[in-house]
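The chain contents come next:
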Amino acid sequence: MSNYRDRIYQYYVHARHESLAPESVNGLKPRAAYLKKLIRDHFPLDKNAVIVDLGCGHGALVHFARLAGYHKVTGVDRSPQQVAAARHLGIEGVHEGDLMNTLRSLANESLDTVIAFDVIEHFTKDELLTFLDQVYRVLRKGGKWIIHAPNGESPFGGKMRYWDFTHELAFTRASITQLLKSSGFSQVACHEDTPIPHGFKSAVRWGLWKIIRGVLRIYLLAETGAGEKDCIFTQNFLTVAVK
(Lines give C-alpha, C1' and ligand atoms only; values in the text may rest on other atoms or scores of the structure.)
Protein backbone atom coordinates (compact mmCIF):
# COMPACT_ATOMS: atom_id res chain seq x y z
CA MET A 1 0.00 0.00 0.00
CA SER A 2 1.56 3.30 -1.09
CA ASN A 3 -0.59 5.54 1.12
CA TYR A 4 -3.76 5.71 3.21
CA ARG A 5 -5.96 6.22 0.13
CA ASP A 6 -5.00 2.85 -1.33
CA ARG A 7 -6.08 1.07 1.83
CA ILE A 8 -9.38 2.94 2.30
CA TYR A 9 -10.51 2.96 -1.34
CA GLN A 10 -9.89 -0.76 -1.70
CA TYR A 11 -12.63 -1.40 0.88
CA TYR A 12 -14.61 1.81 0.38
CA VAL A 13 -18.10 0.33 0.06
CA HIS A 14 -18.12 -2.20 2.88
CA ALA A 15 -15.64 -0.87 5.49
CA ARG A 16 -18.33 1.07 7.38
CA HIS A 17 -21.43 0.53 9.54
CA GLU A 18 -23.66 0.18 6.49
CA SER A 19 -22.71 -0.55 2.89
CA LEU A 20 -22.62 2.51 0.63
CA ALA A 21 -24.25 0.62 -2.20
CA PRO A 22 -27.79 -0.84 -2.17
CA GLU A 23 -28.51 -4.44 -3.08
CA SER A 24 -30.63 -3.49 -6.11
CA VAL A 25 -31.50 -0.41 -8.18
CA ASN A 26 -34.67 -0.11 -6.09
CA GLY A 27 -32.36 0.94 -3.28
CA LEU A 28 -31.57 4.11 -5.25
CA LYS A 29 -35.13 5.43 -4.77
CA PRO A 30 -34.30 7.59 -1.71
CA ARG A 31 -31.91 9.59 -3.91
CA ALA A 32 -34.11 9.65 -7.00
CA ALA A 33 -35.97 12.94 -6.39
CA TYR A 34 -32.75 14.86 -5.69
CA LEU A 35 -30.77 13.43 -8.60
CA LYS A 36 -33.64 13.83 -11.07
CA LYS A 37 -33.99 17.49 -10.07
CA LEU A 38 -30.24 18.00 -10.47
CA ILE A 39 -30.43 16.57 -13.98
CA ARG A 40 -33.46 18.71 -14.91
CA ASP A 41 -31.97 21.91 -13.52
CA HIS A 42 -28.30 21.67 -14.46
CA PHE A 43 -27.66 19.15 -17.24
CA PRO A 44 -27.38 20.37 -20.86
CA LEU A 45 -30.60 20.50 -22.86
CA ASP A 46 -28.92 18.49 -25.61
CA LYS A 47 -29.33 14.79 -24.77
CA ASN A 48 -26.29 14.04 -26.95
CA ALA A 49 -24.02 16.04 -24.64
CA VAL A 50 -20.80 14.30 -23.61
CA ILE A 51 -20.77 14.01 -19.82
CA VAL A 52 -18.25 12.40 -17.46
CA ASP A 53 -18.98 11.73 -13.78
CA LEU A 54 -15.62 11.67 -12.00
CA GLY A 55 -15.78 9.74 -8.74
CA CYS A 56 -19.16 8.32 -9.71
CA GLY A 57 -19.32 5.78 -6.88
CA HIS A 58 -21.71 2.94 -7.69
CA GLY A 59 -23.21 5.00 -10.52
CA ALA A 60 -26.45 6.42 -9.12
CA LEU A 61 -26.25 9.67 -11.08
CA VAL A 62 -25.12 7.84 -14.22
CA HIS A 63 -28.17 5.57 -13.83
CA PHE A 64 -30.70 8.40 -13.58
CA ALA A 65 -29.00 10.42 -16.33
CA ARG A 66 -29.28 7.47 -18.71
CA LEU A 67 -32.93 7.02 -17.78
CA ALA A 68 -33.39 10.71 -18.66
CA GLY A 69 -31.98 10.06 -22.14
CA TYR A 70 -28.32 11.09 -21.72
CA HIS A 71 -26.64 8.13 -23.42
CA LYS A 72 -23.18 9.72 -23.65
CA VAL A 73 -22.70 9.89 -19.89
CA THR A 74 -20.00 7.71 -18.35
CA GLY A 75 -18.59 7.36 -14.85
CA VAL A 76 -15.13 6.70 -13.43
CA ASP A 77 -14.27 5.71 -9.88
CA ARG A 78 -11.03 4.72 -8.20
CA SER A 79 -12.62 2.23 -5.81
CA PRO A 80 -12.87 -1.33 -7.20
CA GLN A 81 -15.71 -2.04 -4.75
CA GLN A 82 -17.74 0.90 -6.07
CA VAL A 83 -17.28 -0.23 -9.66
CA ALA A 84 -18.18 -3.81 -8.71
CA ALA A 85 -21.32 -2.49 -6.98
CA ALA A 86 -22.32 -0.61 -10.16
CA ARG A 87 -21.94 -3.81 -12.18
CA HIS A 88 -23.99 -5.71 -9.59
CA LEU A 89 -26.73 -3.07 -9.94
CA GLY A 90 -26.64 -3.42 -13.72
CA ILE A 91 -25.55 0.20 -14.28
CA GLU A 92 -23.65 0.54 -17.54
CA GLY A 93 -20.89 3.00 -18.32
CA VAL A 94 -19.05 2.87 -14.97
CA HIS A 95 -15.33 2.15 -15.14
CA GLU A 96 -12.48 1.83 -12.65
CA GLY A 97 -9.70 4.36 -13.01
CA ASP A 98 -7.63 7.13 -11.49
CA LEU A 99 -9.49 10.42 -11.88
CA MET A 100 -6.44 12.50 -12.73
CA ASN A 101 -5.19 10.01 -15.30
CA THR A 102 -8.67 9.91 -16.82
CA LEU A 103 -8.71 13.68 -17.22
CA ARG A 104 -5.22 13.74 -18.71
CA SER A 105 -6.29 11.18 -21.32
CA LEU A 106 -9.06 13.45 -22.62
CA ALA A 107 -8.64 15.96 -25.43
CA ASN A 108 -8.91 19.71 -24.92
CA GLU A 109 -12.51 21.02 -24.92
CA SER A 110 -13.96 17.53 -25.45
CA LEU A 111 -16.66 17.49 -22.74
CA ASP A 112 -19.92 19.37 -22.28
CA THR A 113 -20.26 18.64 -18.57
CA VAL A 114 -18.02 17.28 -15.82
CA ILE A 115 -19.48 16.06 -12.54
CA ALA A 116 -17.56 15.74 -9.29
CA PHE A 117 -20.04 14.51 -6.68
CA ASP A 118 -18.40 14.21 -3.26
CA VAL A 119 -14.93 14.24 -4.84
CA ILE A 120 -12.99 17.48 -4.43
CA GLU A 121 -12.92 17.23 -0.62
CA HIS A 122 -10.65 14.18 -1.02
CA PHE A 123 -7.79 16.25 -2.49
CA THR A 124 -5.17 18.37 -0.80
CA LYS A 125 -5.17 22.00 -1.91
CA ASP A 126 -2.28 21.53 -4.34
CA GLU A 127 -3.84 18.36 -5.77
CA LEU A 128 -7.15 20.15 -6.21
CA LEU A 129 -5.55 22.96 -8.21
CA THR A 130 -4.07 20.42 -10.63
CA PHE A 131 -7.41 18.59 -10.86
CA LEU A 132 -9.29 21.85 -11.42
CA ASP A 133 -6.96 22.94 -14.23
CA GLN A 134 -7.50 19.62 -15.98
CA VAL A 135 -11.29 19.91 -15.68
CA TYR A 136 -11.12 23.42 -17.12
CA ARG A 137 -8.96 22.18 -20.01
CA VAL A 138 -11.33 19.39 -21.09
CA LEU A 139 -14.53 21.45 -20.85
CA ARG A 140 -15.87 23.15 -23.96
CA LYS A 141 -16.55 26.90 -23.83
CA GLY A 142 -19.84 27.28 -21.99
CA GLY A 143 -19.48 23.81 -20.46
CA LYS A 144 -20.40 23.13 -16.85
CA TRP A 145 -18.61 21.66 -13.88
CA ILE A 146 -21.17 20.35 -11.35
CA ILE A 147 -19.66 19.94 -7.88
CA HIS A 148 -21.13 18.50 -4.68
CA ALA A 149 -19.04 18.99 -1.54
CA PRO A 150 -19.14 19.33 2.28
CA ASN A 151 -20.29 22.72 3.50
CA GLY A 152 -18.00 24.29 6.08
CA GLU A 153 -20.66 26.97 6.64
CA SER A 154 -23.15 24.43 8.02
CA PRO A 155 -23.69 23.96 11.77
CA PHE A 156 -22.70 20.34 11.02
CA GLY A 157 -19.77 21.26 8.80
CA GLY A 158 -17.33 19.44 11.06
CA LYS A 159 -19.36 16.25 10.77
CA MET A 160 -19.13 16.24 6.98
CA ARG A 161 -15.49 17.34 6.95
CA TYR A 162 -14.48 14.39 9.15
CA TRP A 163 -17.17 11.88 8.13
CA ASP A 164 -14.71 10.14 5.82
CA PHE A 165 -11.08 9.39 6.71
CA THR A 166 -10.03 10.39 3.19
CA HIS A 167 -11.53 13.89 3.38
CA GLU A 168 -8.92 16.64 3.25
CA LEU A 169 -11.09 19.76 2.79
CA ALA A 170 -14.48 21.40 3.26
CA PHE A 171 -15.75 24.49 1.43
CA THR A 172 -18.05 27.47 1.72
CA ARG A 173 -19.80 29.36 -1.07
CA ALA A 174 -17.16 32.07 -0.63
CA SER A 175 -14.12 29.80 -0.77
CA ILE A 176 -15.31 27.68 -3.69
CA THR A 177 -16.29 30.78 -5.68
CA GLN A 178 -12.87 32.26 -4.95
CA LEU A 179 -11.20 29.06 -6.15
CA LEU A 180 -13.21 28.69 -9.35
CA LYS A 181 -13.25 32.32 -10.49
CA SER A 182 -9.53 32.70 -9.90
CA SER A 183 -9.04 29.64 -12.12
CA GLY A 184 -10.90 30.96 -15.17
CA PHE A 185 -14.55 29.98 -14.69
CA SER A 186 -16.84 32.81 -15.75
CA GLN A 187 -19.90 31.98 -13.63
CA VAL A 188 -20.26 30.25 -10.27
CA ALA A 189 -23.59 29.52 -8.57
CA CYS A 190 -23.98 27.74 -5.23
CA HIS A 191 -27.15 25.96 -4.11
CA GLU A 192 -28.37 24.49 -0.83
CA ASP A 193 -28.96 20.75 -0.59
CA THR A 194 -32.51 21.22 0.70
CA PRO A 195 -35.14 18.45 0.88
CA ILE A 196 -37.00 18.00 -2.41
CA PRO A 197 -40.78 17.78 -1.86
CA HIS A 198 -42.13 14.73 -3.68
CA GLY A 199 -44.63 13.38 -1.17
CA PHE A 200 -46.07 14.04 2.28
CA LYS A 201 -42.98 13.13 4.35
CA SER A 202 -40.57 15.06 2.14
CA ALA A 203 -42.93 18.08 2.16
CA VAL A 204 -42.91 18.02 5.97
CA ARG A 205 -39.11 17.83 5.97
CA TRP A 206 -38.97 20.76 3.54
CA GLY A 207 -41.26 22.84 5.78
CA LEU A 208 -39.23 22.04 8.89
CA TRP A 209 -36.04 22.93 7.06
CA LYS A 210 -37.46 26.34 6.12
CA ILE A 211 -38.20 27.02 9.79
CA ILE A 212 -34.74 25.87 10.93
CA ARG A 213 -33.09 27.93 8.20
CA GLY A 214 -34.99 31.01 9.35
CA VAL A 215 -33.78 30.48 12.92
CA LEU A 216 -30.18 30.18 11.73
CA ARG A 217 -30.51 33.43 9.79
CA ILE A 218 -31.80 35.14 12.94
CA TYR A 219 -28.77 33.80 14.80
CA LEU A 220 -26.45 35.37 12.22
CA LEU A 221 -28.41 38.60 12.29
CA ALA A 222 -28.00 38.78 16.06
CA GLU A 223 -24.26 38.09 15.87
CA THR A 224 -23.24 40.12 12.82
CA GLY A 225 -26.10 42.52 12.12
CA ALA A 226 -26.43 41.07 8.60
CA GLY A 227 -29.24 38.74 7.55
CA GLU A 228 -27.19 37.12 4.76
CA LYS A 229 -30.15 35.86 2.72
CA ASP A 230 -27.94 33.72 0.51
CA CYS A 231 -26.33 31.72 3.31
CA ILE A 232 -26.03 27.98 2.76
CA PHE A 233 -26.63 25.93 5.91
CA THR A 234 -27.07 22.39 4.57
CA GLN A 235 -24.38 19.83 5.40
CA ASN A 236 -23.39 19.60 1.73
CA PHE A 237 -24.00 21.99 -1.15
CA LEU A 238 -24.02 22.05 -4.92
CA THR A 239 -21.91 24.34 -7.07
CA VAL A 240 -22.33 24.84 -10.81
CA ALA A 241 -19.42 26.54 -12.57
CA VAL A 242 -19.52 27.63 -16.23
CA LYS A 243 -16.37 27.90 -18.33
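In case you missed it, the structure is sitting above this.
Remember, predicted model here, so these are calculated numbers, not experimental data.

Attention shifts here to the pattern of salt bridges. Throughout the structure, instances matching the rule amount to eight salt bridges. Asp41 is paired through a salt bridge with Lys37; the nearest N and O atoms lie 2.5 Å apart. Of this pair, Asp41 and Lys37 both sit in helix α2 (residues 29-42), four residues apart, which is roughly one turn of that helix. Its relative accessible area of 40% is what places Asp41 among the partly exposed residues.

If you trace the backbone, Val204 turns up in helix α9 (residues 200-224). Relative accessible area serves as the criterion here: at 36%, Val204 is assigned to the partly exposed category.

Taken as a whole, the second largest pocket encloses approximately 170 Å³ of empty space. As for the second largest pocket, its lining consists of Tyr34, Lys37, Leu38, Asp41, His42, His191, Glu192, Asp193, Thr194, Ile196 and Leu238. Those elements giving two or more residues to the lining of the second largest pocket turn out to be α2 and β6 (187-192). The biggest single contributor to the lining of the second largest pocket is α2, with five residues.

What follows deals with the packing of α2 against helix α3 (residues 60-67). Their axes nearest at 10 Å, the elements α2 and α3 cross at an angle of 60 degrees. Between α2 and α3, the angle falls in the class oblique. The crossing of α2 and α3 is right-handed. Counting all contacts with α2, which are made through Arg31, Ala32, Leu35, Lys36, Leu38 and Ile39, the residues of α3 involved are Ala60, Leu61, Phe64 and Ala65. Tallied by class, the residues present in the contact of α2 with α3 amount to eight nonpolar, no polar and two charged.

By the element assignment, Arg5 lies in helix α1 (residues 4-10). A distance of 2.8 Å separates the side chain of Arg5 from the backbone oxygen of His122, its partner in a polar contact. Looking at Arg5, its side chain comes within polar contact range of the side chain of Glu127, at 2.7 Å. Apart from the residues lying within four places of it in its own chain, the contact partners of Arg5 are Arg78, His122, Phe123, Thr124, Glu127 and Glu168.

Our focus in this paragraph is the pairing of strand β4 (residues 111-117). Here β4 lies mainly inside the structure; six of its seven residues are buried. Taken together, the four bridges between strand β1 (residues 51-54) and β4 define a ladder with parallel strand orientation. Each bridged residue has a counterpart across the sheet, and for Asp53 the counterpart in β4 is Ile115. Two elements, β4 and strand β5 (residues 139-150), share six bridges in a ladder whose sense is parallel. In the strand pairing of β5, Val114 is matched with Trp145. At this point the chain moves from β4, through helix α6 (residues 125-138), to the parallel β5, and the crossover so formed is right-handed.

Evaluated as defined, the whole model comprises eight aromatic pairs. Geometrically, the ring pair formed by Tyr4 and Phe165 is edge-to-face, given 5.8 Å between the ring centres and 85 degrees between the ring planes. Residue Tyr4 is found in helix α1, and its partner Phe165 is found in the loop between α7 (157-161) and α8 (173-181); the two are separated by 161 residues along the sequence. According to the relative accessible area criterion, Phe165 is exposed, its value standing at 63%. When the ring of Phe43 is compared with that of Tyr70, the centres are 5.2 Å apart and the planes differ by 75 degrees; the resulting orientation is edge-to-face. In this pair, Phe43 is assigned in the loop between α2 and β1 and Tyr70 in the loop between α3 and β2 (73-77), connecting sequence segments 27 residues apart.

Generally speaking, a soluble globular protein has its nonpolar side chains buried in company with each other. Residues Val114, Ile120, Leu128, Phe131, Trp145, Phe171 and Leu180 are the most contacted members of the largest nonpolar core, which totals 31 residues. Of all elements in the fold, only β1, α5 (99-104), β4, α6, β5, α8 and β7 (236-242) reach the threshold of two or more residues within this core. Ranked by the residues each element gives to this core, the list is headed by α6, at five residues. In terms of nonpolar packing, the next biggest core, distinct from the first, is built from 26 residues, Val62, Phe64, Ile91 and Val94 among them.

Basis of the calculations
- Residues numbered from 1 in each chain as written.
- Predicted model: local features only at pLDDT ≥ 70, side-chain atom pairs only at ≥ 80, totals over all residues.
- Heavy atoms only, no water.
- Salt bridge = Lys/Arg side-chain N within 4 Å of Asp/Glu carboxyl O.
- Helix = DSSP H or I, 4+ residues; strand = E, 2+ residues; numbered from the N terminus.
- Buried < 20%, exposed > 50% of the residue type's maximum accessible area, 1.4 Å probe, protein only.
- 1 Å grid on protein atoms, 1.4 Å probe; cavity = no way out; pocket = protein on both sides within 12 Å on 5 of 7 lines; lining within 4 Å.
- Points joined across faces, edges and corners; volume = space filled by probe spheres on them.
- Axes fitted to C-alpha atoms, helices over the stretch in contact; angles between N-to-C directions.
- Parallel < 35°, antiparallel > 145°, perpendicular 65-115°, else oblique.
- Left-handed = near helix turned anticlockwise from the far one by under 90°.
- Contact = heavy atoms within 4.5 Å.
- Nonpolar A, V, L, I, M, F, W, Y, C, P; charged D, E, K, R; others polar.
- Polar contact = N/O pair within 3.5 Å; in protein donor to acceptor, adjacent residues only side chain to side chain.
- Pairing = 2+ DSSP bridges.
- Right-handed = clockwise from strand over helix to strand, strands pointing away.
- Phe/Tyr/Trp six-rings, centres within 6.5 Å; stacked < 30°, edge-to-face > 60°.
- Core = buried A, V, L, I, M, F, W, Y, C linked by side-chain atoms within 4.5 Å.

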